[in-house]
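Listed here are the chains, written in short residue letters.
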Amino acid sequence: MNMRTTKTTCAYCGVGCGMLVSVNDDGAVTIAGDPTHPANQGRLCAKGASLGETLSHPRRLLRPRMAGRDVAWAAALGEVAARFTATIAEHGPESVAFYVSGQLSTEDYYVANKLMKGYVGAANIDTNSRLCMASSVAGHKRAFGEDIVPGVYGDLDQADLVVLVGSNLAWCHPVLHQRLVAARATRGTRVVVIDPRATATCDDADLHLAIAPGSDVALFNGLLRFLDDAQFCHRDYIAAHTRDFDAALSIARDYDIETVCDITQLARDDVMQFYHWFAANARTVTAYSQGVNQSRAGTDKVNAIINCHLATARIGLPGAGPLSLTGQPNAMGGREVGGMANTLVAHREFDEPGAAARVQAFWNSPRIASRAGLKAVEMFEAVADGRVKALWIMATNPLVSLPDSGAVAAALAQCPFVVVSDISAESVTAQAAHVVLPAAGWGEKDGTVTNSERRISRQRAFVAAPGEARPDWWMVCEVAKRMGHGAGFDYAGPADILREYAALTCLDGTRVLDLGALASLDARGYEEFTPQQWPLPAGCMPRPERRLFADGNYAHADGRARFVATPYRAPLARRDKQHAFVLNSGRMRDQWHTLTRSGRVARLANHTAEPYVDVHPDDAQRLGLNLADIAELRRGAQRVLARVRVTAAQAPGTLFVPMHFSAAHASSALINGLIAAVTDPLSGQPESKAATVAMQRYGAAWYGYAITAATVTPDCAYWARMPCEGGWRIECADSRALDDIDAWFARLCGDVTAQDEWVVYRDDARGAWRGLSLREGRVHAALYVAREPVSVARDFVNSLLGVVITPAQRMALLAGRDQDACDEQGALVCSCRQVGAGRIRAAMQAGHASVSAIANVTGAGSQCGGCRIDVQKLLDARLTELAH
Ligand code: SF4
């Protein structure tokens, strides 16, 4: 059998891992890490490794749709062009908007930005990356004069101290975390984690500073003061290469250790330990992510961090510098191209004299936007109040991901014209659209993406797009042509677009973002392009390894970096008697964004299959909450129901809920409905880490767990539905009694036939009900109901869905556990290799006493390594057991 292998880049996070995708003659796809890609050197995490399982979509959009009916491309494109043209003619250029995505390729982004800013003549194009790293963009511009990430991943290998701020690296950038863990093992790198939560990342750290939510600026101001007092500031460097140090220091001097401890709620010894380590280690990397960016003071947090690196001249050197870690695969490419409403294009700004005219001349466009457009939150506010009347949403799901999502839904519902381009029409956003355009997805189209270390990589097509799906760049160009702008959008393909964009970056030779070498890339060069970091000036490819800012030259006109004075501003979250909790939101280990892709992979659901809320034990006790209860979180009319996890990893008075769930996967778990649309005044990034909510126990009269081959929505107040092999796994509960469980189970089975065999066990006194439905001897559905949270071995139960079972298995399934299995899997620990705690314990009992030894015999932790921490915990527990 023939096998074709294609080099491409992961569709998920900003690490930008290289992949080798092999496709057999029979269409079977296997995915491995690309050992030659500098970002991951062959590693992949569970999400990346399972990308092949997301390629076929059962409800894939194959043709354009208008008013719920399939139509020809010509009709859909004509309608989009006509409605945008008419809206602009009647209400002006700023009455239309594009909301785009870090999932798009750089080529997609470029033409969308060109159409909006150069041909519509407004700047109302913004990206969902606004929710992810806009504060870093704003901070970089202030400090460096251009949006530049000075650090590279290799710095993590060479640092003596790595400070992780607001970053659960182990879960959110797992391959980078493995790189850091390896460096720690070989060279003893110290790791400090600054995070209100004790996350999985803390398990591989030397110090965890459980900082009060949003107080990072005070901590880093205090560090700047400490560095100055202890004479660790590099006065020569500051004098030669920077400005405004005195202004920043004068603010920082307000933050003595008592003030820092008061604001951050940290112990003095811990803060001093961190300050001393920072001072003592010239090779220090400060890596930061959404915990820094998603804040009303996000830009100041970024600059407070950069201030400390500038003051110590620790920037642009091996193993030293600030390193912003982006969330999405092409958040970087989007911000480079100008996919943000407050940047013109290619790192050129609206307030830059002559920039707009030069860009307009380059594009030969009829007009050019002259001022910044609407940032993400503002854009949907403008939709709500009628200023924006036509909106095109590309490859993103804002009804789930934007804060105050109830208001976003209401805005979209009354928008006169909404277009969504996506791979399926089933997202809640697509369901609100007048026109839905079928987009080619990952693996079906060619393009480039840029990762967090400025490395441009190719995404390559390795399968044909199904039906009539097309790349977003093609749709934008076709609409542009129908709007009368054919000459500006006549591209032969993505390579053609990249060449034009690259030529634009070096238009006047003033920007560090210079891709001149790509301006002459021919078709073969585009096809064979190997990952490269920018800048890539003409005649400079492959580019020799060169660190930005190593010479102390920055992108401000005078070549100097800027210190920024950053007075601390507390989060707006105000706890009162009713809204007693500060709510943090973020990612789960094995899921991605709004679950539209990763939520379809059964093995990824095995780690966590429902929305949960992490609660400190004291708070749980006060509210009468027990582990596995259902909690009800409220803010105004918005409500979330989530499973309770009682954990000391959560600080008292704070909660954590994952951000992923929407009505597609759970009854009431839209966490952004609880988060007010408070934004950073400079970056426009929403504060997603510090909302205030009320919480109480949800008085469930019953709890249930079910598997079913049927796609059904349970009729109960709480449900969460995720895939398992052969169907669905469903958690459920309700405060109303289940009067007729048989009828309820029948609905869960979908279509019940006379041939179906039911096996039911009931104990009315204990409120217990267990039932199986067998169709032609195979398990079609099973339901377990109890007054308490249901305790069944879910992995075992799931494994029997669709299977022809023996009488013994029938009894075991009814009992909800495989009593005979000596290697009971237990709770899943390793998603990649599907290894549960039971097998790991068995391996320990057999004498395997290290994480590596257990990986060798069970496979756990041998792929992405993200669960090695959990394996270590089981080992520690075993050692404690043996010690007693
Ligand atoms: Fe993809 Fe995982 Fe690599 Fe991120 S760390 S790019 S999700 S494989």
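Anything mentioned here points back to the structure above.
Structure report, in brief. (Residues numbered from 1 in each chain as written. Predicted model: local features only at pLDDT ≥ 70, side-chain atom pairs only at ≥ 80, totals over all residues. Heavy atoms only, no water.)

With respect to the overall build of the chain
Helix and strand counts for the chain come out as 30 helices and 34 strands. In summary, the chain has a C-alpha radius of gyration of 27 Å against a globular reference of 29 Å for 884 residues, a match within 12%. Overall, the chain is about 80 × 70 × 60 Å in size when its C-alpha atoms are taken along their principal axes. Taken over 884 residues, the chain has a buried fraction of 62%. Put simply, of all contacts in the chain between residues at least 6 apart along the chain, 70% involve residues at least 24 apart. Taking the average location of the 89 positive side-chain charges in the chain and that of its 92 negative ones, the two points are 1 Å from each other. (Helix = DSSP H or I, 4+ residues; strand = E, 2+ residues; numbered from the N terminus. Rg over C-alpha atoms; globule rule 2.2 N^0.38 Å. Buried < 20%, exposed > 50% of the residue type's maximum accessible area, 1.4 Å probe, protein only. Contact = heavy atoms within 4.5 Å. Lys, Arg positive; Asp, Glu negative; His and termini not counted. Charge placed at Lys NZ, Arg CZ, Asp CG, Glu CD.)

Some remarks on the site of the ligand
With respect to spatial proximity, the complete set of residues near the ligand consists of Cys10, Tyr12, Cys13, Val15, Gly16, Cys17, Leu44, Cys45, Lys47, Gly48, Pro174 and Val175. For the shell around the ligand, the elements supplying multiple residues, two or more each, are α1 (46–49) and α7 (174–187). Considered class by class, the residues forming the shell around the ligand number 9 nonpolar, 2 polar and 1 charged. (Near = heavy atom within 4 Å. Nonpolar A, V, L, I, M, F, W, Y, C, P; charged D, E, K, R; others polar.)

Comments concerning the packing of helix α8 (residues 216–229) against helix α10 (residues 245–252)
Packed helix pairs are specified by the crossing angle of their axes together with the interaxial distance, meaning the distance between the axes. At a minimum axis separation of 8 Å, α8 and α10 run at an interaxial angle of 110 degrees. Regarding the angle of α8 to α10, the classification is roughly perpendicular. From α8, Asn221, Leu224, Arg225 and Asp228 reach across to α10, where they touch Phe245, Ala248, Leu249, Ile251 and Ala252. For the contact of α8 with α10, a count of residues per class yields 6 nonpolar, 1 polar and 2 charged. (Axes fitted to C-alpha atoms, helices over the stretch in contact; angles between N-to-C directions. Parallel < 35°, antiparallel > 145°, perpendicular 65-115°, else oblique.)

Concerning the sheet that holds strand β21 (residues 581–586)
With respect to topology, 6 strands assemble into a closed barrel ordered β21-β25-β22-β24-β23-β26, the strand pairing being mixed. Averaged over all adjacent pairs, the angle separating strand axes in this sheet is 45 degrees, with direction ignored. (Pairing = 2+ DSSP bridges.)

Focus: the state of the cysteines
Tallied over the entire structure, the rule returns 0 disulfides. Cysteine Cys132 shares no disulfide, and the gap to the nearest cysteine sulfur, in Cys13, comes to 10 Å. (Disulfide = S-S within 2.5 Å.)

Description of the environment of Ile671
Residue placement: Ile671 occurs in the loop between β25 (654–658) and β26 (691–697). Its relative accessible area of 1% is what places Ile671 among the buried residues. It is 8.8 Å that separates the C-alpha atoms of Ile671 and Ser401, two residues lying 270 residues apart in sequence. Dropping the residues within four chain positions of it, Ile671 is found in contact with Leu583, Ser585, Val640, Val657, Pro658 and Met659.

Some details on the nonpolar core
In this structure, Phe84, Phe98, Ile194, Leu219, Phe220, Phe274 and Trp392 are the most contacted members of the largest nonpolar core, which totals 121 residues. The greatest single-element share of this core, amounting to 8 residues, is contributed by helix α3 (residues 106–120). Built from parts of two domains, this core gets at least three residues from each of domain 2 (65–132 + 330–533) and domain 3 (134–324). Residues contacting Trp392, with those up to four places away along its chain left out, are Val80, Phe84, Ala97, Phe98, Tyr99, Val419, Ser421, Leu437, Met475, Val476 and Val479. (Core = buried A, V, L, I, M, F, W, Y, C linked by side-chain atoms within 4.5 Å. Domains from an automatic or database assignment.)

Overview of the sheet that holds strand β19 (residues 532–533)
One open sheet accounts for 3 strands, arranged β17-β18-β19; its pairing is antiparallel. Taken across any chain shown, the strands that pair with only one partner, and hence form the sheet edges, are β17 (447–450) and β19.

Examining the pattern of salt bridges
Summed over the entire model, instances satisfying the criterion amount to 58 salt bridges. With a shortest N-O distance of 3.8 Å, Asp34 and Lys7 are connected by a salt bridge. With Asp34 in the loop between β3 (29–33) and α1 and Lys7 in strand β1 (residues 3–9), the pair connects residues that are 27 residues apart, well separated along the chain. Here Asp34 falls in the buried class, since its relative accessible area comes to 4%. Between Arg60 and Glu444 there is a salt bridge, with its nearest N and O atoms 2.7 Å apart. Taken as a pair, Arg60 in the loop between α1 and β4 (65–66) and Glu444 in the loop between β16 (435–438) and β17 lie far apart in primary sequence, 384 residues in all. A relative accessible area of 13% places Arg60 in the buried class. (Salt bridge = Lys/Arg side-chain N within 4 Å of Asp/Glu carboxyl O.)

With respect to the packing of α8 against helix α12 (residues 268–280)
Where α8 contacts α12, the axes come no closer than 10 Å and their chain directions differ by 55 degrees. Taken together, the axes of α8 and α12 lie oblique to each other. Once α8 is placed against α12, the crossing between them reads as right-handed. Within the contact between the two elements, α8 uses Ala218, Leu219, Phe220, Gly222, Leu223, Phe226 and Leu227 and α12 uses Val271, Met272, Phe274, Tyr275, His276, Phe278 and Ala279. Here the contact of α8 with α12 is built from residues that sort into 12 nonpolar, 2 polar and no charged. (Left-handed = near helix turned anticlockwise from the far one by under 90°.)

As for the packing of aromatic side chains
Counting across every chain of the model gives 22 aromatic pairs. Judged by centre distance (5.2 Å) and plane angle (90 degrees), the ring pair of Tyr99 and Phe380 falls under edge-to-face. Taken together, the positions of Tyr99 in strand β6 (residues 96–100) and Phe380 in helix α17 (residues 376–384) put the pair 281 residues apart, joining distant regions of the chain. Both residues of the pair, Tyr99 and Phe380, count as buried. Following the ring pairs from residue to residue traces out a cluster consisting of Phe220, Phe226, Phe274, Tyr275 and Phe278. Cation over ring: Lys114 sits above Phe489, and NZ or CZ is 5.2 Å from the ring centre. (Phe/Tyr/Trp six-rings, centres within 6.5 Å; stacked < 30°, edge-to-face > 60°. Lys NZ or Arg CZ within 6 Å of the ring centre and 35° of its normal.)

Structural notes on helix α21 (residues 494–505)
With 12 residues, α21 should cover 16 Å at 1.5 Å per step; its first-to-last C-alpha distance of 17 Å lies within 8% of that length. By the criterion of burial, α21 is predominantly enclosed, with 9 of the 12 residues buried. Buried within α21 we find Pro494, Ala495, Ile497, Leu498, Glu500, Tyr501, Ala502, Leu504 and Thr505. (Expected span 1.5 Å × (residues − 1).)

Things to note about unusual backbone geometry
In this structure, Pro535 follows Trp534 across a cis peptide bond, with omega equal to 5 degrees. Of note, the phi angle at Ala67 is positive, near 50 degrees, even though the residue is not glycine. Residue position: Ala67 is located in the loop between β4 and β5 (69–70). The residue Arg454 is not glycine, and still its phi comes out positive at about 65 degrees. According to the relative accessible area criterion, Arg454 is buried, its value standing at 1%.

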